Amino acid sequence: NQADLVNDAPTKDQAFRNVKFEVQEVAGRNLLTQFHSLALTTDKARSLLRKWCTLIEAPIEVKTADGYVLRMFVMCFTKKQKTQLSKNCYSKTRLEKWVRLRMSKIATQRLSKVGINEAVQMLLNDVLVDEMSKRCNAIVPLRDVKFSKVKVIRTPKFELQRLYDAHGELPETKEGEAREVEEADEPEEEKKE
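Cut-offs and rules
- Residues numbered from 1 in each chain as written.
- Predicted model: local features only at pLDDT ≥ 70, side-chain atom pairs only at ≥ 80, totals over all residues.
- Heavy atoms only, no water.
- Pairing = 2+ DSSP bridges.
- Helix = DSSP H or I, 4+ residues; strand = E, 2+ residues; numbered from the N terminus.
- Axes fitted to C-alpha atoms, helices over the stretch in contact; angles between N-to-C directions.
- Contact = heavy atoms within 4.5 Å.
- Buried < 20%, exposed > 50% of the residue type's maximum accessible area, 1.4 Å probe, protein only.
- Core = buried A, V, L, I, M, F, W, Y, C linked by side-chain atoms within 4.5 Å.
- Salt bridge = Lys/Arg side-chain N within 4 Å of Asp/Glu carboxyl O.
- Patch = residues over 30% accessible without salt bridge, like charges linked within 9 Å, V, L, I, M, F, W, Y side chains within 5 Å.
- Areas by Shrake-Rupley, 256 points an atom, 1.4 Å probe, with all protein chains shown as cover.

### Details of the sheet that holds strand β5 (residues 142-154)
Strands pair in a sheet through their backbones, by hydrogen bonds, and they do so in one of two ways: parallel or antiparallel. Taken in spatial order, the 5 strands of this open sheet run β1-β2-β5-β4-β3, and their pairing is antiparallel. Two strands lie at the open edges of the sheet, namely β1 (17-27) and β3 (55-63), each paired on one side alone. With strand direction ignored, the average angle separating the axes of adjacent strands in the sheet is 25°. Sheet topology note: the strand β4 (residues 69-78)/β5 ladder contains 9 bridges and is antiparallel. Note that in β5 the partner of R71 across the bridge is K151. Together, β3, β4 and β5 form the strand contacts of helix α3 (residues 93-111), whose direction differs from that of β3 by roughly 30°. Contacts from helix α4 (residues 116-124) reach β1, β2 (30-40), β4 and β5 within the one sheet, and its direction differs from that of β2 by about 40°.

What follows is the structure, encoded as structure tokens:
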């Protein structure tokens, strides 16, 4: 999950995303991976569902600058306005379509200019989600805008050098060298009298 990928203490609770990576190459004891998919955990998705509001889902397909095609599923919920008296906060279908269109435009504009690594960083740091919720709240008041699932549909032709460049410098493996093994100190058994 995403909380395991972050070195320092996360600013937000990030344990609700499962991130999958695909092994592309094995270099000694190092596995060179590439992003494969991202999904909300089941308990988080179930905890967002409530009665008396509308669930808006939008499937979006985006091609990144380096040729990866991502299929993203965005989900969000309507919320009550501050001065609202009625119990429910359902939205009209016309406004739902408008929200879907605006979300897909935002995702396409932002992700088509960046590579796969920057796109994954944007997804994990909630950059797109924040922009979508800010821009779509003008249409319908929304809460909990999330990517329920992101999948890599198509990848460009595999280039080993590009993969090595993305990973940077790899640590040296010590497989060929002789190992130094220290002897374990065993405690002496006490004699019974």
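### Digging into the environment of L40
If you trace the backbone, L40 turns up in strand β2. A residue is classified by how much of its surface remains accessible, and L40, at 11% relative accessible area, is buried. When the C-alpha positions of L40 and K149 are compared, they lie 6.5 Å apart, and in sequence the two are 109 residues distant.

### Some thoughts on the pairing of β4
Extensive coverage of β4 is indicated by the burial of 8 of its 10 residues. One ladder, built from 9 bridges, connects β3 with β4; its direction is antiparallel. Its bridge partner being in β4, E57 is matched across the sheet by M75. Linking β3 back to β4 in an antiparallel pair, the connection comprises 5 residues, with G67 at a positive phi of about 100°.

### Examining the nonpolar core
Ranked by internal contacts, the top residues of the largest apolar core, which has 35 residues, are F35, M72, M103, M132, L142 and F147. Elements with a contribution of two residues or more to this core: β2, β3, β4, α3, α4, α5 (127-136) and β5. The next biggest cluster of nonpolar side chains, apart from the first, holds 8 residues, and it includes F16, L40, A45 and C53.

### Overview of the pattern of salt bridges
Taken as a whole and assessed by the stated rule, the structure comprises 6 salt bridges. Close ionic contact of D126 with R17 constitutes a salt bridge, the shortest N to O distance being 2.3 Å. With D126 in the loop between α4 and α5 and R17 in strand β1, the pair connects residues that are 109 residues apart, well separated along the chain. On the basis of relative accessibility, which here comes to 10%, the residue D126 falls in the buried class. The salt bridge involving E131 is made with R135; its shortest N-O contact spans 4.0 Å. Of this pair, E131 and R135 both sit in helix α5, separated by 4 residues, roughly a single helical turn. On the accessibility criterion, R135 (37% relative accessible area) is partly exposed. In the salt-bridge network here, residues are joined through shared partners; they are R110, E131 and R135.

### Remarks on a nonpolar patch on the surface
Residues V23, V26 and L31 make up a contiguous nonpolar surface patch of roughly 270 Å² in combined accessible area. Here L31 lies in strand β2.

Keep in mind these values describe shape, not function.
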